Amino acid sequence: MRFATISGRLHQVVSPGRVVDLNSASGGRLPADPQEAYLRWDEVLDFAATGSAQPTEVDEQDFGNPVPTPRQVFAIGLNYSDHAAESNFAVPDHPLVFTKFVTSLTGPFGEIAVPPGHVDWEVELVVVIGRHAHRVAAQDAWSHVAGLTVGQDISERILQSSGPAPQFSLGKSHPGFGPLGPVLVTPDELPDRDDLELGCLVNGRQMQKGRTRDMVFPVSELIARLSAVTPLLPGDVIFTGTPSGVGLGRTPQCWLQAGDELVTYVRGIGEMRHRLVAPAA
């Protein structure tokens, strides 16, 4: 099943351009707010499976962030060996974990302001938690996943690497630096949830192209490792890492500029499109 946020309300996407408002269709039994819906995800899935509601027509450009206000955002660094190599780091023995602040999250279409510095792209598969997970074994991890979506971990590299210790969270949390969408897809919808193509293009040029099967720590292992320390809550977000091809790792290095078009995709889930713009005066 596929879900989208439209005007702040959770909808089921029954086919391209056709959606069902789950709060209205359920007579108010299900919450309209997406984050509240993740707290009752089994109820959402049960109702959506009935297929009893009449869909309405909609333009995909109206889709917003399917996870607008998560309580926790986890992000994983160096989770592809080729990206670790291009960044001049060893492949980690344990997941490198940081956060993106919630105010950095935005929807799958529109404009993103480029602050001063070296602004880079990082396509990522994003996991959304649907059931409370604490000390979950890897073999049980997927049962706690609400769905998957497309993400960009946009990064300003100067701030990220400044100071006596790296400032990953700050360098990756400017407004708009965490686009998500266009839909949330339940794992059963995908032929192989552990082997998805992901990539991004800048001005039509393919910059990244990889497969999630090449993760150092796959989704199930990330959930096990994170939940061994801290409970994962319904609606929490995990950015699972980026493959090679970022601007930092190129010769010469290159960065996003105002006027660039950034296209981000995960095959089987969807595609995001953003225009980079100069910051407001």
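Residues numbered from 1 in each chain as written. Predicted model: local features only at pLDDT ≥ 70, side-chain atom pairs only at ≥ 80, totals over all residues. Heavy atoms only, no water.

What follows covers the overall build of the protein. Regarding its fold elements, the protein presents seven helices and 19 strands. Against the compact-globule benchmark of 19 Å for 281 residues, the protein has a radius of gyration of 18 Å, which places it among compact chains. Structurally, the protein occupies a C-alpha span of about 55 × 45 × 30 Å along its principal axes. Considering the protein as a whole, with its 281 residues, one finds that 54% of them fall into the buried category. Residue pairs at least 24 apart in sequence account for 74% of intrachain contacts in the protein once pairs closer than 6 positions are excluded. Distance between charge centres in the protein, computed from 21 positive and 32 negative side chains, equals 1 Å. (Helix = DSSP H or I, 4+ residues; strand = E, 2+ residues; numbered from the N terminus. Rg over C-alpha atoms; globule rule 2.2 N^0.38 Å. Buried < 20%, exposed > 50% of the residue type's maximum accessible area, 1.4 Å probe, protein only. Contact = heavy atoms within 4.5 Å. Lys, Arg positive; Asp, Glu negative; His and termini not counted. Charge placed at Lys NZ, Arg CZ, Asp CG, Glu CD.)

This next bit is on the environment of Val-183. If you trace the backbone, Val-183 turns up in strand β14 (residues 178-185). For Val-183, the residues in contact, after removing those within four places along its chain, are Arg-2, Phe-3, Ala-4, Val-13, Phe-63, Pro-66, Leu-148, Thr-149 and Ile-269.

Here the focus is the packing of aromatic side chains. Applying the stated criterion across every chain, the model contains three aromatic pairs. Ring centres of Tyr-38 and Trp-41 lie 5.0 Å apart, and the angle between their planes is 35°; this geometry places the pair in the tilted category. Under the relative-accessibility criterion, Tyr-38 is labelled buried at 0%. Taking the relative accessible area as the measure of exposure, Trp-41 reaches 2% and is therefore buried. Taken together, a centroid distance of 5.3 Å and an interplanar angle of 65° make the contact between Phe-98 and Phe-168 edge-to-face. Of the two residues, Phe-98 sits in strand β7 (residues 96-98) while Phe-168 sits in helix α6 (residues 168-171), which places them 70 residues apart along the sequence. Since its relative accessible area comes to 21%, Phe-168 is described here as partly exposed. The structure contains a cluster of three or more aromatic residues connected by ring pairs, namely Phe-3, Tyr-38 and Trp-41. In this arrangement the basic side chain of Lys-100 is found over the ring face of Phe-239, its NZ or CZ atom lying 5.8 Å from the centre. (Phe/Tyr/Trp six-rings, centres within 6.5 Å; stacked < 30°, edge-to-face > 60°. Lys NZ or Arg CZ within 6 Å of the ring centre and 35° of its normal.)

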